[in-house]
Amino acid sequence: MRHDHLLTAKQLSREDVETVLDRAAEFDRDPSAARERHAGELLGLCFFEPSTRTKMSFETAAKRLGADVVDMGSVESSSVKKGESLADTVRVVEGYADALVLRHPKQGAAKMASEYVDVPVVNAGDGAGHHPSQTLLDLYTIREHAGLDDISVGIMGDLKYGRTVHSLAHALTNFDVRQHFVSPESLRLPRSVRYDLHESGAQVREHEDLEDVLPNLDVLYVTRIQRERFPDEDEYEAVAGEYSITPDVLERAKDDLSVMHPLPRVDEIAPEVDDTDYATYFEQAHNGVPVRMALLDLLL
Amino acid sequence: MTDTELRVSKIQSGTVIDHVTAGEALHVLTLLGIDGSGGETVSLGMNVPSERLGKKDVVKVEGRELSESELEVLSLIAPEATINIVREYDVVDKRRVEPPEEVSGVLTCPNRDCITNAGEPVATRFAVLDDGLRCEYCGDIVRDDITAHLAD
């Protein structure tokens, strides 16, 4: 992988993805073997939005590599509260850290930040834009369970605002994957992502009903349908139930289907699914550490 | 000289932008940053009959020759425009506009959640597609009514 930053999944080639995933697999097998690899180095965490998994897994990954972290802390306790610009914040933190991990509510924030600093920037989520490190751990999980070629992946939920969806869709175009997007009409993929998928020649189908495609899927990637996106509560209630995964719904699925979710979930996957062989989402979250170790190892 | 050409007075030296899409003349001036404060003499012809376009606008700017980058940006809203550089009443150069690969700082991004709309010190940048423009930051695609997104 020869990038200075990780800003979107679009920049990743198949070779890049495989490089990261192969190294992640090494770290996964023996995490302790890497503990001095980046001793003395510092990772700067700049999270302008709340985060549990992403932030903790980057912190854990850095520490497992022997590096340490400096954390900007919450927006409320930082100079952002005083009106400091993102451009100024990242230039300050650049002076402390060897790489920056940035989460920000505005799309394109990581790209802009990368233009202001000389250290690597990792986009850890920019509004409804992209979340490429999440995609790498998603791909790692998919590879473990189904391989990355000649598979059908269903991606369901809020496709319009779901940054994990946008990044995953882009990255899957590197592989022989049939992508099925399942959502209510109002939450279909945004025009920019559809444009890219079309340009890449990806095999893409769109559906409103999961029933249409479920029996063919090897992977079902579920995201939360965000109540706050609907102007009308009744409209939300009408679609929300249709996009909820229960053991009954999964009766028509392949036995080896993997149900994934970037988490946090609310009610789109019933707790009863957790105890089935379909549930892959907690393993997926755990994979964040070896994958982010691999990513940091390549960028630091 | 045709009646059409006489509708707008001849200029001594400067630029005549002909075959501008009808109704876009004022946007052309906005795009070129001409608001009268620079002292240029500007003549406009709007909805002038045209054999090629049916109707067209014509913009004549006295005392100013457009740069290559200005011509590129002009191509976004007036792709059929022809540019005549005039010196001492003679047309010394005649050009067509060519779309650039990218435009910077000219348009605002329609996506309110784009970082370029967040008060940060960053100029907008759009890649020029075959059928629109794409924000280099948030990735949004602008296809229609590009002039509505001209920066102030």
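Being a predicted model, the structure only gives us computed values, none of them experimental. (Residues numbered from 1 in each chain as written. Chains lettered and ligands numbered in written order. Predicted model: local features only at pLDDT ≥ 70, side-chain atom pairs only at ≥ 80, totals over all residues. Heavy atoms only, no water.)

Caption draft 1: Fine view of the environment of A:Glu211. Residue and element names in this part refer to chain A. Structurally, Glu-211 is set in the loop between strand 7 (203–207) and strand 8 (219–222). Along the chain, Glu-211 and Leu-250 lie 39 residues apart, while their C-alpha atoms are 9.8 Å from each other. Polar side-chain contacts of Glu-211 include one of 2.7 Å to the side chain of Arg-252. (Helix = DSSP H or I, 4+ residues; strand = E, 2+ residues; numbered from the N terminus. Polar contact = N/O pair within 3.5 Å; in protein donor to acceptor, adjacent residues only side chain to side chain.)

Caption draft 2: How the structure looks around the domain arrangement of chain A. Residues and elements named next belong to chain A. Assigned domains of chain A: these are domain 1 (9–130 + 287–299) and domain 2 (132–285). Domain 1 and domain 2 are separated by 25 Å when their C-alpha centres are compared. Residue-level contacts link 30 residues of domain 1 with 27 residues of domain 2. Summed over the shared surface of domain 1 and domain 2, the number is 4 salt bridges. For Arg-143, the salt bridge goes to Asp-22, with nearest N and O atoms at 2.9 Å. (Domains from an automatic or database assignment. Contact = heavy atoms within 4.5 Å. Salt bridge = Lys/Arg side-chain N within 4 Å of Asp/Glu carboxyl O.)

Caption draft 3: Seen up close, the packing of helix 6 (residues 163–172) of chain A against helix 7 (residues 191–200) of chain A. All names here are of chain A. Remark: helix 6 packs on helix 7, axes separated minimally by 10 Å, with the N-to-C direction vectors making an angle of 10°. In terms of orientation, helix 6 and helix 7 fall into the roughly parallel class. Note on element contacts: helix 7 touches helix 6 through Val-193, Asp-196 and Leu-197, opposite His-166, Ala-169 and His-170. Considered class by class, the residues forming the contact of helix 6 with helix 7 number 3 nonpolar, 2 polar and 1 charged. (Axes fitted to C-alpha atoms, helices over the stretch in contact; angles between N-to-C directions. Parallel < 35°, antiparallel > 145°, perpendicular 65-115°, else oblique. Nonpolar A, V, L, I, M, F, W, Y, C, P; charged D, E, K, R; others polar.)

Caption draft 4: Summary view of the pattern of salt bridges. For the structure on display, the rule yields 29 salt bridges over all chains. Measuring nitrogen to oxygen at the nearest pair gives 3.6 Å for the salt bridge that ties A:Lys106 to B:Asp113. With one member in each of two chains, A:Lys106 in the loop between strand 3 (99–104) and helix 4 (109–114) and B:Asp113 in the loop between strand 6 (102–104) and strand 7 (125–129) form a pair that bridges those chains. Through salt bridges that share partners, A:Lys111, A:Glu115, B:Glu102 and B:Arg125 make up one connected network.

Caption draft 5: Structural detail: the nonpolar core. Ranked by internal contacts, the top residues of the largest apolar core, which has 56 residues, are B:Ile17 and B:Leu107. Of all the elements, helix 3 (residues 68–77) of chain B adds the most residues to this core, at 5 residues. Those residues in contact with B:Ile17 that lie beyond four places of it in its chain are B:Val28, B:Leu32, B:Asp57, B:Val58, B:Val59, B:Leu66, B:Leu74, B:Ala81, B:Thr82 and B:Ile83. A:Val20, A:Ala34, A:Leu168 and A:Leu299 belong to the second-largest nonpolar core, a separate cluster that totals 54 residues. (Core = buried A, V, L, I, M, F, W, Y, C linked by side-chain atoms within 4.5 Å. Buried < 20%, exposed > 50% of the residue type's maximum accessible area, 1.4 Å probe, protein only.)

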